[in-house]
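# Working through the structure, step by step
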Amino acid sequence: MFEHLPYVIGQIAQPYNIVLLLVGNLVGIIFGAIPGLSGTLAVMLFMPMTFTMQAGSAIIFLLSLWIGGCSGAFIGSVLLGIPGSASAVATCWDGHPMAQKGQSGKALAIGMVASFTGTFFSSIFGALLSEKVADIAFMLGPWEYFALCFIAITMVLAISKGNMFKGLASAAIGIFLATVGYSPIDAEPRFVFGNIHIMGGLGMTVVLIGIFAVSHMIVEQAKGFKQLPKVDTKSIRGFGISLKEMKEQAGNILRSFAIGLGIGFLPGMGSGLSNLVAYSSARNVSREPETFGTGNPAGIWAPEVANNAAIGGAMIPMAALGIPGDATTALLIGALTIHGLEMGPMVFRNSGHIVYLMFAVVIVCAIVVLLMQTVGMRLFPHVLKVPYHYMYPALLVISLLNGYIDSNSIYKCGMMILFAVVGVAMSFGGLPTSPLILAFILEPILELNMLKAFQYTGTVTTFFTRPISGILCLLGILSIFSPAIRILWNRIKKMSAKSAN
Amino acid sequence: MKVKRDQLTGAALFLLGIVIAILVSQFRIGFKPGYPGPMLFPLISVFGFIVCGAGIFLQSTFGKKEEEVFLLKEGWLRLGISFVILTVYVFALSVAGFLIATPFALFAISTMYAKGQTSQRKYRIIFSIGFTLLVYVIYEFAFGLRLPGGILF
């Protein structure tokens, strides 16, 4: 690990990369803070800009955007009561009431320190653990890889809010879009219709930016921009929290950290889930659970530590297995592939320096973001006032340009508009987005490993007879049927309660 | 009876599944139990579309859940105009190039999006030209990326 230190320091110390890191963090914080935007969107939008960069610079820029976005999400939650992204939903519940009580400064300071704690320590854990996980991964064959990708998609489906059918439909769209182009191994043209522009596939940039970024902005605009609530800037004074207050939260921080790291490590899960689980566990163990939701500081510490700890957790399967921990790591895997870096166990042998650069960048970003937020705390309310009628047109133009940069072809800009129509249709139908992103990015790995497995054994039973793949496949199938199982279980419980009465 | 949004979504997914199933049946390499080949994953998506489409449709038909309105008539109009502007912009990019087409597109979109907000025309003009130049400088010089040049210039 330490043999890569000179390369890592050399990369981070380059003036060009320092600028990228600072700009990336700043843009990430802004994207994270503003409701409607997110760190994931920032990574998606700026990814094509990195195509001409060296791998090191590209990694630094993309990770800076991600970390800034994850960390900045609490700002909207605290000041407006509107989460900047799904990872900061639980932060609203106590963060905003604290701000309403005139404690905006304290709530923001807790968010900043908690975000730093989660990101910084989880990435150290990630750096220490990922190579060990990669060593274990050498024992895995295509069956296990197939099963890992499978479970990554199905677990996202299991936590799809509301309607399981909609989650599955979104994943089906992702799988379908990913199959367009020549198939792996057999080179069968699928849904190409002789069009040379899509023979190599639809392209991640065009599909994801079209469906999520462009359509999101158009729909938001069509719904009409809502007037954001006024922010109390007078109560933002000093740093807001003392060391004693932090010590009082030590147990809460440790527990939330473990939850975030664990959930982040699970394929397909991420900060969107970890903040909710950490919040509810903090409330459950609290001696005064009735104060949660009224401005209890523990209700900010828990979700913010957990959602940022998920970063290090998600990076472990990303680096060691090539399996994304969440939607953003899925995008990062795609971006790194463009730079010729195939994540997975072999990456430690072929490009170990790149993996450790990734973890080092996250650690540095955690520090830089904390400093930026500490210095710029009073500017947060102004960030939230950026007029949408300037921001959205600018982002729409950048989105379309990304389509052009992806292939040097205006054709892809047109395709992006088409996918924006698909995105609008998905919003109309209420289909969730995460299953599509994961299915679209994981389908090629899933299909390749499945076909390889069939070439080796020629039967489907091997997926279930090999212990690890068998367990993962069964878990995946169970999570698909989990809503039905839950309904059945509740009915059985009700019936048994009735008969007992 | 008023058609629900989920009924439309379900029906559309179901129909899409059938169309894709027909396309998949035309693949040269077929499905074999010992080696599923290129058909399997498109078939999985077909299965997903048909089952989920039917599920969403039936849930909506027999469910009592009230749906929120997605967009009002005016919203649909704004949505349509946005798509028209973006399509024209893409066409203009191919003809006139980035530097000519972008300020006009930005001005048109920001003017439309500023409806109901306090925004002055001169600021929108400054924004449109300034942002175009900023993007040009960043993309061309900082990142070394080529932007659309158009066929006229």
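Thresholds applied
Residues numbered from 1 in each chain as written. Chains lettered and ligands numbered in written order. Predicted model: local features only at pLDDT ≥ 70, side-chain atom pairs only at ≥ 80, totals over all residues. Helix = DSSP H or I, 4+ residues; strand = E, 2+ residues; numbered from the N terminus. Rg over C-alpha atoms; globule rule 2.2 N^0.38 Å. Buried ≥ 20, exposed ≤ 12 C-beta atoms within 10 Å, placed from the backbone. Contact = placed C-beta atoms within 7 Å. Domains from an automatic or database assignment. Core = buried A, V, L, I, M, F, W, Y, C linked by C-beta atoms within 7 Å. Axes fitted to C-alpha atoms, helices over the stretch in contact; angles between N-to-C directions. Parallel < 35°, antiparallel > 145°, perpendicular 65-115°, else oblique. Left-handed = near helix turned anticlockwise from the far one by under 90°. Nonpolar A, V, L, I, M, F, W, Y, C, P; charged D, E, K, R; others polar. pLDDT = per-residue confidence, 0-100. Expected span 1.5 Å × (residues − 1). Arc of directions from axis to C-beta.

## A word on the overall build of chain A
- Tallying secondary structure elements over chain A gives 22 helices and 2 strands in all.
- Taken over C-alpha atoms, the radius of gyration comes to 22 Å for chain A, in line with the 23 Å a tight globule of 501 residues would show.
- Taken across its 501 residues, chain A has 62% of its residues classed as buried.
- Of the contacts made within chain A by residues no fewer than 6 positions apart, 79% connect residues no fewer than 24 positions apart.

## Description of the overall build of chain B
- Looking only at helices and strands, chain B has 5 helices and 0 strands in total.
- The helix and strand sequence of chain B, counted from the amino end, reads α-α-α-α-α.
- Whereas a compact globule of 153 residues would reach a radius of gyration of roughly 15 Å, chain B reaches 24 Å, over 25% beyond that.
- Along the longest, intermediate and shortest principal axes, the C-alpha atoms of chain B span 60 × 45 × 25 Å.
- Looking at chain B as a whole, 30% of its 153 residues qualify as buried.
- The long-range fraction of contacts in chain B, counting pairs at least 24 apart against all pairs at least 6 apart in sequence, stands at 65%.

## A closer look at the interface of chain B and chain A
- Chain B puts 53 residues into the contact, and the matching count from chain A is 48 residues.
- Going through the elements one at a time, helix H1 (5-24), helix H2 (40-62), helix H3 (73-96), helix H4 (98-113) and helix H5 (121-142) of chain B are the ones with two or more residues in the side of chain B that touches chain A.
- The leading source of residues in the side of chain B that touches chain A is H3(B), at 11 residues.

## Examining the domain arrangement of chain B
- Segmentation of chain B into domains returns domain 1 (5-62) and domain 2 (73-142).
- Using C-alpha coordinates to define each centre, domain 1 of chain B is positioned 39 Å away from domain 2 of chain B.

## Considering the nonpolar core
- A:Leu62, A:Cys149 and A:Met358 are the most contacted members of the largest nonpolar core, which totals 213 residues.
- When residues in this core are grouped by element, the largest group, 18 residues, is from helix H15 (residues 347-376) of chain A.
- Structurally, this core is a two-domain feature, drawing no fewer than three residues from each of domain 1 (5-62) and domain 2 (73-142) of chain B.

## What to know about the packing of helix H8 (residues 164-179) of chain A against H2(B)
- Running from amino to carboxyl end, H8(A) crosses H2(B) at an angle of 150°, the nearest separation of the two axes being 8 Å. Considered as vectors, H8(A) and H2(B) are oriented roughly antiparallel to each other. Pair H8(A) / H2(B) crosses with left-handed handedness. Touching A:Phe165, A:Lys166, A:Leu168, A:Ala169, A:Ala171, A:Ala172, A:Ile175, A:Phe176 and A:Thr179 of H8(A) are B:Phe41, B:Pro42, B:Ile44, B:Ser45, B:Gly48, B:Phe49, B:Cys52, B:Gly55, B:Ile56 and B:Gln59, all from H2(B).
- Among the residues forming the contact of H8(A) with H2(B), the class breakdown is 13 nonpolar, 5 polar and 1 charged.

## With respect to unusual backbone geometry
Residue and element names in this part refer to chain A.
- Of note, Ile185 is a non-glycine position whose phi angle comes to about 70°, a positive value.
- Mapping Ile185 onto the fold places it in the loop between strand S1 (181-182) and strand S2 (189-190).
- At Phe191, a residue that is not glycine, the phi angle is positive and equals roughly 55°.
- Note on placement: Phe191 falls in the loop between S2 and helix H9 (204-223).
- A tally of 17 C-beta atoms within 10 Å means that Phe191 is categorised as partly exposed.

## A look at the confidence of the model for chain A
- Mean pLDDT over chain A: 83, with 94% of residues reaching 70 or higher.
- Looking across chain A, the model is least confident in helix H16 (residues 380-383) of chain A, with a mean pLDDT of 74, and most confident in helix H18 (residues 410-429) of chain A, with 92.

## Re the confidence of the model for chain B
Residue and element names in this part refer to chain B.
- Averaged over every residue, the pLDDT of chain B is 88; the share at 70 or more is 98%.
- Taken element by element, chain B is modelled with least confidence in H5, mean pLDDT 89, and with most confidence in H1, mean pLDDT 93.
- The ipTM for the predicted assembly is 0.92, set against a pTM of 0.79.

## Digging into the packing of helix H3 (residues 39-46) of chain A against H9(A)
Residues and elements named next belong to chain A.
- Running from amino to carboxyl end, H3 crosses H9 at an angle of 135°, the nearest separation of the two axes being 10 Å. By the criterion of interaxial angle, the relationship of H3 to H9 is oblique. Here H3 and H9 pass one another in a crossing that is left-handed. Along its contact with H3, which presents Leu41, Met44 and Leu45, the element H9 presents Leu208, Ile209, Phe212 and Ala213.
- For the contact of H3 with H9, the class distribution of residues is 7 nonpolar, no polar and no charged.

## Here we look at the environment of A:Leu177
Residues and elements named next belong to chain A.
- Within the element layout of this structure, Leu177 appears in helix H8.
- According to the C-beta neighbour criterion, Leu177 is buried, with 23 such atoms within 10 Å.
- When the C-alpha positions of Leu177 and Ile441 are compared, they lie 9.9 Å apart, and in sequence the two are 264 residues distant.
- Setting aside anything within four residues of it in sequence, one finds Leu177 in contact with Leu202, Val207 and Phe440.

## Quick word on H1(B)
- For H1(B), which comprises 20 residues, the first-to-last C-alpha distance of 28 Å matches the rise-based estimate of 28 Å (1.5 Å per residue) to within 8%.
- Taken together, the buried positions of H1(B) are B:Asp6, B:Thr9, B:Gly10, B:Leu13, B:Gly17, B:Ile20 and B:Val24. Buried residues in H1(B), looked at end-on, bunch into an arc of 95°, giving them a common side. In H1(B), the exposed residues that point more than 90 degrees away from the buried face are B:Val19 and B:Ile22.
- Looking at the packing, one finds that the buried side of H1(B) touches H8 and H18 of chain A together with H2 of chain B.

## Section: the environment of A:Gly194
Residues and elements named next belong to chain A.
- Note that Gly194 resides in the loop between S2 and H9.
- For Gly194, a count of 7 C-beta atoms within 10 Å translates into the label exposed.
- As a C-alpha pair, Gly194 and Val375 span 181 residues in sequence and 56 Å in three-dimensional space.

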